[in-house]
Amino acid sequence: MKLRHLRCFVAVAEELHFARAAERLHIEQSPLSRIIKNLEADLGTMLFVRTTRNIRLTRAGEILLEQAPRIFSVLGQVRDSVKAVSAGFHSQLRIALSDGVTPPKLAELLAKCREDEPGMGIRLHEIPLAQHMNGLRDNLFDVGFAQSTTVGDGIIAMPAWYDSLVAAIPISHPLLAYKEVPLDELLRYPLIICGQEAYERCLEPVLSIFQNGKLAPCISEKVSSFDLLLTLVAAGYGIGVAGESQLNLTRHGDVAIRPFTGGIPKLVTYMLRLDAPLTEELSRFEERVGNLYTNVC
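What this report covers is the structure whose coordinates are included nearby.

Conventions used here
- Once a new chain begins, its residue numbering starts again from 1 and follows that chain's sequence as written.
- Local features in a predicted model are, by the rule used here, given only for residues with pLDDT of at least 70; side-chain atom pairs are given and counted only at 80 or more, and totals for whole chains, interfaces and linings are based on all residues.
- Hydrogens are left out, water is left out, and the side-chain values use all remaining heavy atoms of the structure.
- Here is the rule: rings of Phe, Tyr and Trp (six-membered ring for Trp) pair when centre to centre is within 6.5 Å. Planes less than 30 degrees apart are stacked, more than 60 are edge-to-face, and the remainder are tilted.
- Numbering of helices and strands runs from the N terminus, with a helix taken as a DSSP run of H or I at least four residues long and a strand as a DSSP run of E at least two residues long.
- Burial classes: relative accessible area under 20% of the type maximum marks a residue as buried, over 50% as exposed, and values in between as partly exposed (1.4 Å probe, protein chains only).
- An arc is given here, and it is the one of the directions from the helix axis to the C-beta atoms.
- For this analysis, residues touch if any pair of their heavy atoms sits within 4.5 Å.

## Examining the packing of aromatic side chains
- Overall, the coordinates contain four aromatic pairs when judged by the stated rule.
- Centre to centre, the rings of Phe9 and Phe48 are 5.5 Å apart; their planes meet at 50°, and the pair counts as tilted. Here Phe9, found in helix α1 (residues 3-15), pairs with Phe48, found in strand β1 (residues 48-50); they are 39 residues apart in sequence, far enough to count as distant. Each member of the pair, Phe9 together with Phe48, is buried.
- Members of the aromatic cluster, joined through ring pairs, are Phe9, Phe18 and Phe48.

So this is what it looks like as structure tokens:
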């Protein structure tokens, strides 16, 4: 099975239309049809059911489409490994990142790795958490970072660093009368959060203290970036709640940052890895992560 044929298959499988797939691939429809027929002959099975009106995937086609991203990922990692060796690195650490990992602490960790082991190449992959977990199990990644411990069996999550939860408030808002915002006052206003699941989960222990039912959080917006969160806060659509380090990276002139009163749970970033014996490189990396967490506690 040729890589070019697999890319053509994915285009047809996603478009379910040969003409659109051919246009997407910048080739004629006739050679695309021949490529798919050759691929089916090579695999010994039909990948599509064709009718005069439409096409659809067979079960074999569905399986191939599910596995294609993993095939591309493995090939990409082989290419990266070869390039790393040619660039003078004697080893490589593949790190997956999910859930808006706090950049300052990650940068500190990577700088320490570069200082201690300049011959070790590091490859970073930003991916959704579910793909992150599958990648660890399939040996596509050596280690990962995420703000979640919902990782399933066979994966270890150890604390790496934490970030303070803060409120982002419009500069003309009455909450700025407080140097530290009380939670009962916060919940009088609509909240804006980053739509990543980790931030929703981190809000739950904060808001769960209101067990009497008199006040219920009103989440008015779930956004995909911290820049958009601050834009909506500045426009007066609500109060933003997020990690202090993330908001400090995307400061907005019309938004002020305030901490909360009381013992508010922090956002914890975890290092994730397989529950298996460690390589020497990964053992040293885990030790650096442990030192980093000890220094910030």
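Structure shown, so let's carry the discussion forward.
## Points about helix α2 (residues 18-25)
- Turning to α2, its buried residues number three or more, namely Phe18, Ala21 and Ala22. In a view along the axis of α2, the buried residues occupy a sector of 100°, so they form one face of it.
- Elements that come into contact with the buried residues of α2 comprise α1, α3 (29-43), β1 and β2 (55-57).
- Just past α2, the residue His26 takes up positive phi, approximately 60°.

## Here's the deal with the side chain of Glu40
- Positionally, Glu40 belongs in helix α3.
- The exposure class of Glu40 is buried, given its relative accessible area of 6%.
- Residues contacting Glu40, with those up to four places away along its chain left out, are Thr45, Met46, Leu47, Phe48 and Arg50.

Taken by themselves, the reported measurements are silent on function.
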